[in-house]
Amino acid sequence: KTTVKTLLILGASGDLTGRLLLPGLAGLLASGGAPGLRLVGAGSDPWSPEQWSERVDGAFAAASKDADSQGQAALAAVAESTRYHQLDVTADGPLAELLSQLEGPVAIYFALPPHISQKACEVLHPEQLPAGTRLVMEKPFGSGTESAHELNKTLAALVPEDHIHRVDHFLGKATVLNILGFRFANRFLEPVWNREHIEKVEVIFDEDLALEGRARYYDTAGALRDMIQSHLLHIMAFLAIDPPATIDERDLRDAVATVLRASSIKAPFSASTRRARYTAGTLGERTVPDYAAEEGVDPSRNTETLAEVCVNIDNWRWKGVPFILRSGKAMGQRRKEAVITFRPVPHLPKGFSGLDSPNQLRIGFGPDVLELDIDVNGPGDIFTLDRASLVTELNAPGMLPYGEVLEGILNGDPLLSVRGDTAEDCWRIIEPVLAAWANGDVPLEEYDAGSDGPANWPTSDVG
Ligand code: BG6
């Protein structure tokens, strides 16, 4: 494995770089990761060196405050040596010229919309890339199976697959990674982790954030592409994979790919999916306008801000078990968790009473918590069962998800990156739904911002 010497961010003046990438990098540097790294920013905006430095310093400040002296020195070294270049990445020449000046191996982070990344890669030639170059593609990876396939082909002509990092920052979330340890290091789980014992699996990501000024991106994406297409399908895959022999990039990513290949959303989509859009309402202290009235939104696009799909995994382990994935913006309750509902016991000995609902396991993604609901002989009449919860809080993550993902990239490990075939498969799974929605086969429902969603939500009998 190679260690990257230079991180080149394309789209350095954009929102993602300031809000997520640089703070993620700061945490990594502060904890001693990526020693000796150089940071170079490039963007289409004519930024002065001071403007770029201000952005980097601002993003590093919080991590620097909490860091030890070594961490502070590492942050200061990167901040002092960083440079910004104004560049049209889609033009033939300038990017290659910049690359020729950088110390390799270089990780080129395309923090750009997919069609611009595609163009930028098309003008590059393999001989222009410093040895060991890694290409890092921000999500969304393409805008459908076809464009993802096209982008994969373009990238494959430049570097080998294990030098391509398709970013899904959920793969860097500590709780998502904890699913693997929890599932595969605890003997009692695996024998019941299948269709015989599990009734349904839900992966829920309800946010109390609304559009937050992201219309340019979000209005062409919507909840299904933004959240379900990669993030929630990956959580689902981690919950559903067979135990791999090792947690290395090959075994783990093979297992993920196998499960996603077996996954689909079945027609009729009016039964297996729901979509809705928020109307005006209150989120905490804030009032939020109708989504359709938000600046930059084209109401005729009918973009959904809440989506639910029922995924089927057609294999021996999961056949018939609904995996319900749902995510909404501007929801009254923040709820981010996977809920595994077990089947009822086959027989409750006569004499017991009070068993109302089956066992449930909840894996919370912020706050990070594991919670197993069980039934016990509680206080009072010992034959009346009481619900109890075994709860454990998971350790606070050491790094931001982008820090975890960057660490893998800079150390040359693609474990937490999405593999090319999987990126295409994630589109293949949702594309029939996108087509049905575009065709108006599934009504676009409405819900007030700050509410729990549209009427009869959440859907309990979907699928
Ligand atoms: C991003 C989506 O990928 O993930 C956002 O574009 C969403 O719409 C975000 O809010 C959620 O991730 P996190 O880590 O901020 O909870």
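Residues numbered from 1 in each chain as written. Predicted model: local features only at pLDDT ≥ 70, side-chain atom pairs only at ≥ 80, totals over all residues. Heavy atoms only, no water.

(A) Molecular detail of the overall build of the protein. Across its full length, the protein carries 12 helices and 19 strands. The globule rule puts the C-alpha radius of gyration for 463 residues at 23 Å, and the 23 Å found for the protein is close to it. Across its three principal directions, the C-alpha atoms of the protein cover 80 × 50 × 45 Å. Taking all 463 residues of the protein together, 52% fall into the buried category. Sequence-distant contacts in the protein: of pairs separated by 6 or more residues, those separated by 24 or more amount to 78%. Accessible surface computed for the protein: about 20500 Å², of which carbon and sulfur atoms make up 52%. (Helix = DSSP H or I, 4+ residues; strand = E, 2+ residues; numbered from the N terminus. Rg over C-alpha atoms; globule rule 2.2 N^0.38 Å. Buried < 20%, exposed > 50% of the residue type's maximum accessible area, 1.4 Å probe, protein only. Contact = heavy atoms within 4.5 Å. Areas by Shrake-Rupley, 256 points an atom, 1.4 Å probe, with all protein chains shown as cover.)

(B) The site of the ligand, seen in detail. Around the ligand, the neighbouring residues are Lys-139, His-169, Phe-170, Lys-173, Phe-205, Glu-207, Arg-214, Asp-226, Met-227, His-231, Lys-329 and Lys-336. Measuring from an oxygen atom of the ligand, one finds a side-chain N or O atom of His-169 at 2.8 Å. In the environment of the ligand, an oxygen atom lies 2.8 Å from a nitrogen or oxygen atom belonging to the side chain of Arg-214. Starting from 400 Å² of accessible surface for the ligand in isolation, the protein chains cover 77%. At three residues, helix α8 (residues 215–240) tops the list of elements feeding residues into the shell around the ligand. (Near = heavy atom within 4 Å. Polar contact = N/O pair within 3.5 Å; in protein donor to acceptor, adjacent residues only side chain to side chain.)

(C) How the structure looks around empty space enclosed by the protein. All told, the structure shown has three cavities of 30 Å³ or more when counted by the stated rule. Volume-wise, the largest cavity comes out at about 140 Å³. Lining the largest cavity are 18 residues, and of these Lys-139, Phe-141, Val-167, Gln-229 and Ser-230 sit closest to its centre. Among the secondary structure elements, those contributing two or more residues to the lining of the largest cavity are β6 (164–167), α8 and α12 (420–438). Put simply, the second largest cavity is a space of about 80 Å³. Looking at the second largest cavity, the residues that line it are Leu-171, His-234, Phe-238, Leu-252, Arg-253, Val-256, Leu-415, Ser-417, Val-418, Arg-419 and Thr-422. Here the element with the most residues in the lining of the second largest cavity is helix α9 (residues 249–261); it accounts for three residues. (1 Å grid on protein atoms, 1.4 Å probe; cavity = no way out; pocket = protein on both sides within 12 Å on 5 of 7 lines; lining within 4 Å. Points joined across faces, edges and corners; volume = space filled by probe spheres on them.)

(D) Focus on the nonpolar core. Counting residues in each nonpolar core, the largest one holds 105 residues, and the members touching the most others are Leu-8 and Leu-239. When neighbours within four sequence positions are excluded, Leu-8 is seen to be in contact with Val-40, Ala-42, Leu-95, Leu-98, Leu-99, Leu-102, Val-106, Ala-107, Ile-108 and Tyr-109. The next biggest cluster of nonpolar side chains, apart from the first, holds 36 residues, and it includes Leu-7, Ala-12, Leu-21 and Tyr-109. (Core = buried A, V, L, I, M, F, W, Y, C linked by side-chain atoms within 4.5 Å.)

(E) Quick peek at the layout of surface pockets. Volume-wise, the second largest pocket comes out at about 280 Å³. Residue lining of the second largest pocket: 14 residues in total, with Arg-343, Pro-344, Val-345, Pro-358 and Asn-359 positioned closest to the centre.

(F) Just the pattern of salt bridges, in detail. One pass over the full model with this rule turns up 27 salt bridges. Where Asp-373 meets Arg-362, a salt bridge forms, and the shortest distance between an N and an O atom there is 2.7 Å. One end of the pair, Asp-373, is in strand β16 (residues 369–377); the other, Arg-362, is in strand β15 (residues 360–364), and 11 residues separate them in sequence. We classify Arg-362 as buried; its relative accessible area is 17%. A network of salt bridges, in which partner residues are shared, links Arg-362, Glu-371, Asp-373, Asp-375 and Arg-387. (Salt bridge = Lys/Arg side-chain N within 4 Å of Asp/Glu carboxyl O.)

(G) Here's a closer look at unusual backbone geometry. Ala-267 connects to Pro-268 through a cis peptide bond whose omega is 0°. Mapped onto the elements of the fold, Pro-268 is located in the loop between β8 (263–265) and α10 (269–272). With an omega dihedral of -5°, the bond running from Trp-457 to Pro-458 counts as a cis peptide bond. Mapped onto the elements of the fold, Pro-458 is located in the segment after β19 (444–448). Even without being glycine, Glu-212 reaches a positive phi, approximately 55°.

(H) Seen up close, a negative patch on the surface. Together, Glu-50, Glu-54, Asp-57 and Glu-80 line one region of the surface with negative charge. Looking at the negative patch, the element that brings in the most residues is helix α2 (residues 49–66), giving three residues. Summarising the element assignment, Glu-80 is placed in helix α3 (residues 69–81). (Patch = residues over 30% accessible without salt bridge, like charges linked within 9 Å, V, L, I, M, F, W, Y side chains within 5 Å. Lys, Arg positive; Asp, Glu negative; His and termini not counted. Charge placed at Lys NZ, Arg CZ, Asp CG, Glu CD.)

(I) The environment of Met-137, seen in detail. In this structure, Met-137 sits in strand β5 (residues 134–137). Taking relative accessible area as the criterion, Met-137 reaches 2% and is therefore assigned buried. For Met-137 and His-165, which are 28 residues apart along the polypeptide, the C-alpha to C-alpha distance reads 6.1 Å. What Met-137 contacts, discounting residues up to four positions off in sequence, is Phe-110, Ser-117, Cys-121, Leu-151, Leu-155, His-165, Arg-166 and Val-167.

(J) Fine view of the pairing of strand β7 (residues 198–206). When you tally the buried positions in β7, you get eight out of nine residues, the bulk of the element. Pairing analysis gives six bridges linking β7 to strand β13 (residues 323–328), with the strands arranged parallel. By the bridge assignment, Val-203 is partnered in β13 with Leu-325. (Pairing = 2+ DSSP bridges.)

(K) Structural context of the state of the cysteines. Taken as a whole and assessed by the stated rule, the structure comprises zero disulfides. Looking at Cys-121, it has no disulfide partner, and the nearest cysteine sulfur is the one in Cys-426, 20 Å off. Accessibility expressed as a relative area gives 1% for Cys-121, which makes it buried. Cys-426 takes part in no disulfide bond, and the closest cysteine sulfur, belonging to Cys-310, lies 17 Å away. (Disulfide = S-S within 2.5 Å.)

All we've got here are geometric facts, nothing functional implied.
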